[in-house]
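# Survey of secondary and tertiary structure
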Amino acid sequence: MRSDKPIYVTQPHLPPLEEFIPYLQKIWEKRILTNAGPFHQQFEQALCDYLGVKHLALFANGTIALVTALQALRITGEVITTPYSFVATAHSLLWNGIKPVFVDIRPDTFNLDPTRIEAAITPQTSAIMPVHVYGHPCDVDAIQAIADNYNLRVIYDAAHAFSIQCHCGNVLTHSDLSVLSFHATKVFNTFESGTIVCPDSKTKQRIDHLKNFGFVDKVTVVAPGINGKMSEINAAFGLLQLKHIDRALSQRMDIDRIYREGLGTIKGIYCVASAGEQMANYAYFPILVESDYRFTRDELYEMLRAQNIHPRRYFYPLISDFPMYRSLPSAQRSNLPVAAQVASRILCLPIYPGLTAEEQDRVIAVIQGEDRA
Ligand SMILES: *Cc1c(COP(=O)(O)O)cnc(C)c1O
């Protein structure tokens, strides 16, 4: 039976509306809407506890958090980063007048390839900004060893890395700073917002000043800060979402398993290896459409869309192909062969709590090429 109900790549997780009403009532009673109010303080602590970190600063969104993280560490000159990410990664560098230097990715995890970083270091290099793509942890030790050797800072774009572990424990504490996003499309969302995980209270304090226009007290401004504050509504919603996140993560794990069972034997379809239970958050379900599949990636993409299924070519195009980046020497295709190859084959399939087994069957059937009419 053919159903025309649309299936999107993701659907934001929303708890029952009535659970949010008491939070709103409190905001209405207290009339504190922003500026580190009571929900902001509570959410900051609850999130520290959940993520297993000591210090973090809440932000209005992940992009402002990335821009501010670079400011907080006074990064200048050149920063080594990946072309295989959401465009905000590199944009945060341009907003700071920093030149991105693109380095190719690993063919298995699609994360920055540490063996290629050294060749891209110049006297102007001041930091490395890798991404834990699809929540798969980077080679944090190898990257840190290079950074230590060349006296570079490491700022992770950890937008995908909510609640993931790596072999050496908490992936969010393996760097100078890590930035998460809680945008509506992410595993954990507060409508919009984000955070910077900080190693110590002094760094957190500087970041808290920078996100509040640079104010350190009512009359003293120490830096050209920005308005990056998280509002009370977002913080309250975050507190509520934390109560539901474990269940949402385990539902995602089940969906991941069903896809692997259904797609694992199809010639030319490669289900990207997950980081493994406990380590993964199942934020995405990426597949590679290889050359021995019956159709090209774009043909499969259109076939799914014709059935009202809306996967995402994520990440395509590469950041380095956008007009503000493509004239950089490091943006040349010859410098980024693995990233270019992956971007031409990648497809992220629908995954979110509430995606039903029947809906998953519809997706799998199109990829298998069964005629179910
Ligand atoms: C979502 C995302 C961002 C931006 O976060 P926002 O909260 O939407 O500003 C940055 N980097 C990556 C890799 C992302 O996926």
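Here the residue numbers are simple positions, counted from 1 along each chain's written sequence. Owing to the predicted nature of the model, reporting of local features is limited to residues with pLDDT of at least 70; listing and counting of side-chain atom pairs is limited to 80 or more, with chain, interface and lining totals taken over all residues. With hydrogens and water set aside, each side-chain value is computed from the structure's full complement of heavy atoms.

## Structural notes on the sheet that holds strand β13 (residues 269–271)
Condition: Any two strands are treated as partners once DSSP identifies two or more bridges connecting them. Secondary structure follows DSSP: runs of H or I at least 4 residues long count as helices, runs of E at least 2 residues long count as strands, and numbering of each begins at the N terminus. Fitting a line to C-alpha atoms yields each axis, with helices limited to the stretch in contact; the angle taken between N-to-C directions then spans 0 to 180 degrees. Contacts are assigned to residue pairs with any non-hydrogen atoms lying within 4.5 Å of each other.
Read across the open sheet, the three strands follow the order β13-β14-β16; overall the sheet is antiparallel. Of all strands in the sheet, those with a lone pairing partner are β13 and β16 (346–349), marking the two edges. Mean inter-strand twist for the sheet, computed between neighbouring axes without regard to direction, equals 30 degrees. With three bridges connecting them, β13 and strand β14 (residues 285–289) associate as antiparallel partners. Residue pairing in the sheet places C271 in a bridge with I287 of β14. Docked against the sheet, helix α7 (residues 232–263) engages β13, β14 and β16, running at close to 20 degrees with respect to β14. Along the sheet face, helix α8 (residues 297–306) touches β13, β14 and β16 and points at about 25 degrees away from the line of β16.

## Structural notes on the UniProt feature "modified residue: N6-(pyridoxal phosphate)lysine" (unreviewed entry) in the protein
Operational definition: UniProt positions are given in the numbering used here, feature names are shortened, and annotations may be inferred rather than shown by experiment. Only protein chains enter the accessibility calculation, which uses a 1.4 Å probe. A residue is then buried if its area is under 20% of the maximum for its type, exposed if over 50%, and partly exposed in between.
Taken from the UniProt record, the annotation "modified residue: N6-(pyridoxal phosphate)lysine" (unreviewed entry) applies to K186. Judged by its relative accessible area of 13%, K186 falls in the buried class. If sequence neighbours within four positions are ignored, K186 has contacts with A159, H160, S181 and Y284.

## Digging into the packing of α8 against helix α10 (residues 357–368)
Spelled out, the test is: Roughly parallel covers angles under 35 degrees, roughly antiparallel covers those over 145, roughly perpendicular covers 65 to 115, and oblique covers all other angles. Here is the rule for handedness: rotate from the far helix to the near one, and if that takes an anticlockwise turn smaller than a right angle the crossing is left-handed, while a clockwise turn gives right-handed.
Relative to each other, α8 and α10 sit at 135 degrees, their axes nearing to 10 Å. Between α8 and α10, the angle is such that the two are oblique. As for the relative orientation of α8 and α10, their crossing is right-handed in sense. Facing L300, M303 and L304 of α8, the residues of α10 in contact are V363, V366 and I367.

## Points about the site of the ligand
Let me state the cut-off plainly: By convention in this text, a residue qualifies as near a molecule or strand provided that one of its non-hydrogen atoms is within 4 Å of it. Polar contacts, as counted here, are pairs of nitrogen or oxygen atoms within 3.5 Å of one another; within protein the pair requires one atom able to donate a hydrogen and one able to accept it, and residues that are adjacent in sequence qualify only if both atoms are side-chain atoms. Each accessible area value is a Shrake-Rupley result obtained with a 1.4 Å probe; residue values ignore everything except the protein chains displayed when judging cover. Residues are grouped as follows: Ala, Val, Leu, Ile, Met, Phe, Trp, Tyr, Cys and Pro are nonpolar; Asp, Glu, Lys and Arg are charged; all remaining types, including Gly, are polar.
Taken together, 15 residues form the shell around the ligand, and within it G62, T63, D157, S181 and K186 come nearest. Side-chain polar atom of K186 to an oxygen atom of the ligand: 3.2 Å apart, as the coordinates give it. Here Y314 contributes a side-chain N or O atom positioned 3.2 Å from an oxygen atom of the ligand. Starting from 380 Å² of accessible surface for the ligand in isolation, the protein chains cover 94%. Of all the elements in the fold, those that place two or more residues in the shell around the ligand are α3 (62–72) and α4 (88–94). Its residues assigned to classes, the shell around the ligand comprises four nonpolar, nine polar and two charged.

## Regarding the pairing of strand β10 (residues 194–198)
Look at any regular strand and the pattern is simple: side chains alternate between the two faces of the sheet. Here β10 lies mainly inside the structure; five of its five residues are buried. Here β10 shows a buried face lined by G194, I196 and C198 and a second buried face lined by T195 and V197. Of the strand pairs in this sheet, strand β2 (residues 55–59) and β10 are connected by five bridges, and their pairing is antiparallel. When the sheet's bridge partners are listed, L58 is paired in β10 with T195. Pairing of strand β9 (residues 177–181) with β10 involves four bridges; the strand directions are antiparallel. Counted as the bridge partner of S178 is V197 from β10.

## Re the domain arrangement of the protein
For clarity, the threshold we go by: The split into domains, and so the bounds of each, comes from an automatic or database assignment of domains. For this analysis, a salt bridge means a side-chain nitrogen from Lys or Arg found within 4 Å of a carboxyl oxygen belonging to Asp or Glu.
On domain assignment, one finds that the protein holds domain 1 (7–11 + 246–368) and domain 2 (17–242). Distance from the C-alpha centre of domain 1 to the C-alpha centre of domain 2: 25 Å. Our count for the domain 1 to domain 2 interface comes out at zero salt bridges. At the junction of domain 1 and domain 2, the tally comes to 14 residue pairs in polar contact (both at pLDDT 80 or more). Looking at the side of domain 1 that touches domain 2, the elements with two or more residues in it are α7, β14, α9 (337–345) and β16. Among the elements that make up the side of domain 1 that touches domain 2, the one with the highest residue count is α9 (five residues). Here the residues of the side of domain 1 that touches domain 2 are counted per class, giving 27 nonpolar, seven polar and two charged.

## Here's the deal with the sheet that holds strand β4 (residues 99–102)
Pairing within the open sheet is mixed, and its seven strands lie in the order β2-β10-β9-β6-β5-β3-β4. Either end of the sheet is taken by a strand with one partner, and the two such strands are β2 and β4. Each adjacent strand pair in this sheet contributes to an overall mean axis angle of 25 degrees, direction not counted. Alignment of strand β3 (residues 78–81) against strand β5 (residues 125–129), held across four bridges, turns out to be parallel. Bridge pairing in β5 links T81 to M129.

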